Amino acid sequence: MKRIGLSLAAIAAALVALVLIVPSLAPESALREVLTRQLVALTGRPVRIDGPVRLSWAPLPTLLVEKVTIPGPDGMPPLLVTDKLQGELNLTPLLIGRLDVSSLMLKRARIGLTTTKTNGHSWDFKTGVLADAANGHFETAMPISALRLVDSTIQYADAGGQLTTVSVEDATLAWSGLTDAMSVAGIINWRDRNAEISVAIIEPASLISGGKSDMRARIKGEMLNLTTSGTVDGDGRLEGQVTASGASLRETLRWLGLPLPDGHSLAAFEVQSPVTVDPTGISLDDVQLSLDGNEAEGSLVIQLAGERPKVSGTLAADTIDLSAYSSEVQLSRGMPRQWRDDRINIKSLMVSDLDVRISAGETVIDKIRLGRTAATISSHDGLFEFALGEAAAYGGSLKGNVTLKSTGSGVEFTAGGNFDSVEMGKSLADFFGFHHLEGTGEGSVEISGTGASVAELSRSLEGQADIKVNNGALIGIDLADLMQKIEKRPLSARFESGYGGRTTFDTAQASLKITAGLAKTTDCRMDNGSLSVTLAGQSNIAQRSLDMAGMANWSDGDGARPFHLPFRVFGGWEVPVVEPDTEALIRRSGAAAPLLRSFAKPGQDVTQDSVTSVPASSAQAQ
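Once a new chain begins, its residue numbering starts again from 1 and follows that chain's sequence as written. Only residues with pLDDT of at least 70 get local features here, since the model is predicted, and only at 80 or more are side-chain atom pairs given and counted; chain-wide, interface and lining totals rely on the full set of residues. Only hydrogens and water are removed before side-chain values are computed, so all heavy atoms of the structure are retained for them.

Asker: Describe in detail the overall build of the protein, supporting the description with residues and values.
Answerer: Elements are defined by DSSP. Helices are runs of H or I of four residues or more, strands are runs of E of two residues or more, and each kind is numbered from the N terminus. The helix and strand inventory of the protein stands at 13 helices and 32 strands. Note on classification: 1.4 Å probe, protein chains only; a residue is buried when its accessible area is under 20% of the maximum for its type, exposed when over 50%, partly exposed between these limits. A total of 622 residues make up the protein; the buried ones form 38% of that total. The contact definition used throughout considers only heavy atoms, calling two residues in contact when any of these lie within 4.5 Å. Counted over contacts in the protein with a minimum sequence separation of 6, partners at least 24 positions apart contribute 47%. Accessible area for the protein stands at about 33400 Å²; split by element, carbon and sulfur atoms hold 56% of it. To measure how exposed things are, a 1.4 Å probe is used in the Shrake-Rupley method; for residues, cover is taken only from the protein chains shown.

The following block contains the structure:
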């Protein structure tokens, strides 16, 4: 038994010695021939070696080569250029004195993949094992079973000349035989972001020959986590399932090349769907989408064949919360609030063509709550449009649209809409923070303007607005009660913001003509039977201010004691000032009236209780 053990040890030592000695006896020309023969057998193309070739036996017999080039087809850049190549030798052939490379490791390699305008490819082979596979012949053995890339790059140039470059830190392709599965795994870097990748193609030979193969792929990276599985064919068409997720959709899209601005929205996302991918684009037929905490489902198509990507489809959700986006589209800021004066940039709305229809059972924007909503978002040719088909809102309905078009000097803005049976108290409070009007309202508005900022737009607005409110009330003042007090003691009562009370009315309506940022009205009326109010003047939209004059008419129950009180409304939108005309109060005071007469001009009537003049700003504007 001991002799048998010694004999086996001696044989093993002899084999090891043979493995170590045979490589060292091979001349460099033979080493070059070995590598050239196997690469030509794989690709059918001539191989150029411009550097030295030698053997290393530790830890395993390895062929070391420098500066290797595999050319592309006529007129195309090289398919492969590598600074260093290591070829691991098969041990079994060494025992009979033959050199055979089993796998390759390339360092600082540059792989060039090119598509021509005539649909030619740098990876089209006329002879060799890969050409045999493309022609449906799978009997030939693979000359090399594995390829490893370290510190290398893969560059793809499409038919239009656009380049895409992927850096490969360390990745291995394993394919032991034409009828075997192929796998790729490693770490790549694209646009300064690392990702782990793994791909398994079950029938690669069928795929190369124009058939189909099942496949699985996974990407795990800083910007994107993606898994997909399905069937892929020789034309690059994939049908299967996809799941994609990331911490920020905004950053992922910017990584993919879309120039989105900074922002807090478009954050965490996840997409799950059956998928079809082909050279023209991506179809998500039954998508489940999660974005910024919102859940939606529907279908999306991403077309990639044009100059810009185009996204179209439909999405539906039970509830959509858009509060995360409200801070990014604020029109005013500061206290008192002023229109934003920074430049409007709608380029981020134009990064792709859009035609997406969205519906929701409920839509929330900060305090604003809408019921069932249907809307369309579209963009094309420098034009962005948001169309609200209909939204249930505050007991009524809303419809409208907003259009933005980029110009050389700024943005062209148009907007229009109408509302019907809307509860004005809650809606005005939620939309604008205005708490001084109640009732059921209806109306319409059409406006347009041009400017580089919101402040500039506000100065250029043109349009028309018509509003009517039924069965409502002014909050914060009881005009009827106040007028009765003024009627008895004209100088003892004042309009004050903290006066309190309510002025109810049956109807109130106003028509406004908007010109050069000024909204003017001569037809603002409110009536509740014993009390009627008319108002004329203007609102300066750019300055967010009011300058108006009005007349309140009150009578007792039988109409026998009419009382007319002129008043003014002026100041900022947030806290407007409402005060009676002081001269009119003095006229109604028997004691003070003589004092006023002493200052009156000859022929002036100082006892008239009506005001025929309009506010100063209105007069100037005429």
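Asker: Explain the pairing of strand 21 (residues 373-380) to me, using residue names and the numbers behind them.
Answerer: Each regular strand shows side chains that alternate between the opposite faces of the sheet. At least two DSSP bridges between two strands are needed for those strands to be called paired. By the bridge criterion, 7 bridges tie strand 19 (residues 353-365) to strand 21 in an arrangement that is antiparallel. Counted as the bridge partner of Arg 357 is Thr 376 from strand 21. Where strand 21 and strand 22 (residues 383-393) come together, 8 bridges link them in antiparallel fashion. Residue pairing for strand 22: His 380 is matched across the bridge by Leu 383. Following strand 21, the chain reverses through 2 residues before pairing antiparallel with strand 22; Asp 381 in that reversal takes a positive phi of roughly 50°.

Asker: Explain the nonpolar core residue by residue, including any values.
Answerer: Within soluble globular proteins, side chains that are nonpolar tend to cluster in buried spots. Among the nonpolar cores identified, the biggest contains 45 residues, and Leu 35, Leu 39 and Val 65 are the most heavily contacted of them. Those residues in contact with Val 65, other than ones at most four positions away along the chain, are Leu 35, Ile 49, Pro 52, Val 53, Asp 83, Lys 84 and Leu 85. As used here, the term nonpolar core means buried Ala, Val, Leu, Ile, Met, Phe, Trp, Tyr and Cys residues forming a set that is joined through side-chain atoms within 4.5 Å. Core analysis: the second largest hydrophobic core is formed by 32 residues, Ile 368, Ala 393, Val 422 and Leu 531 among them.

Asker: Which residues make up a negative patch on the surface, and what values go with them?
Answerer: Note that patches include only residues with greater than 30% relative accessible area and no salt bridge, and the join distances are 9 Å for like charges and 5 Å for nonpolar side chains (Val, Leu, Ile, Met, Phe, Trp, Tyr). For salt bridges, the criterion is a side-chain nitrogen of Lys or Arg within 4 Å of an Asp or Glu carboxyl oxygen. When charges are counted, neither His nor the chain ends are considered; positive counts come from Lys and Arg and negative counts from Asp and Glu. To locate a charge, take atom NZ for lysine, CZ for arginine, CG for aspartate or CD for glutamate. Together, Asp 285, Asp 286, Glu 297 and Asp 318 make up a region of like negative charge exposed at the surface. By the element assignment, Asp 285 lies in strand 14 (residues 281-291).

Asker: So what's going on with the packing of aromatic side chains? Which residues, and what values?
Answerer: In this analysis, rings of Phe, Tyr and Trp, with Trp reduced to its six-membered ring, are considered paired at centre separations within 6.5 Å, and the interplanar angle assigns stacked below 30 degrees, edge-to-face beyond 60, and tilted for intermediate values. Under the defined criterion, the tally for this structure stands at 4 aromatic pairs. Considering the side-chain rings of Trp 190 and Trp 255, the 5.1 Å spacing of their centres and the 70° angle between planes classify their relative orientation as edge-to-face. In this pair, Trp 190 is assigned in strand 8 (residues 182-190) and Trp 255 in helix 6 (residues 249-255), connecting sequence segments 65 residues apart. Judged by centre distance (6.2 Å) and plane angle (85°), the ring pair of Trp 339 and Trp 573 falls under edge-to-face.

Asker: Outline the confidence of the model for the protein, supporting the account with residue identities and numerical values.
Answerer: What pLDDT conveys is the predictor's confidence in a given residue, as a value from 0 to 100. Model confidence for the protein is summarised by a mean pLDDT of 84, while 84% of its residues fall at 70 or above. Segment residues 10-15 is flagged for pLDDT under 50; beyond a separation of four residues in sequence, or across chains, it makes 1 contact in the model. Low pLDDT (under 50) marks residues 595-622, which in the prediction has 37 contacts with non-local residues, meaning those over four places away or in another chain.

Asker: Help me get a handle on helix 2 (residues 28-43), residues and values and all.
Answerer: Between its first and last C-alpha atoms helix 2 spans 23 Å; for 16 residues at 1.5 Å apiece the expected length is 22 Å, and the two agree. For helix 2, every residue scored as buried is listed here: Leu 31, Val 34, Leu 35, Gln 38, Leu 39, Leu 42 and Thr 43. Axial view of helix 2: buried residues confined to an arc of 140°, hence all on one face. Residues of helix 2 that are buried make contact with strand 1 (48-49), strand 2 (53-56), strand 3 (62-70), strand 4 (80-89), strand 5 (101-114) and helix 4 (129-134). With its phi angle positive at about 75°, Gly 44 sits one or two positions after the end of helix 2. Helix span, as expected, comes to 1.5 Å for every residue beyond the first. Think of it as the arc spanned by the lines of direction from the helix axis to the C-beta atoms.

Asker: Give a detailed account of unusual backbone geometry, specifying residues and quantitative values.
Answerer: One non-glycine residue, Asp 151, lies in the positive phi region at around 50°. In this structure, Asp 151 sits in strand 6 (residues 146-157). The class of Asp 151 is exposed, set by a relative accessible area of 53%. In this structure, Arg 191 takes a positive phi of about 55° despite not being glycine.

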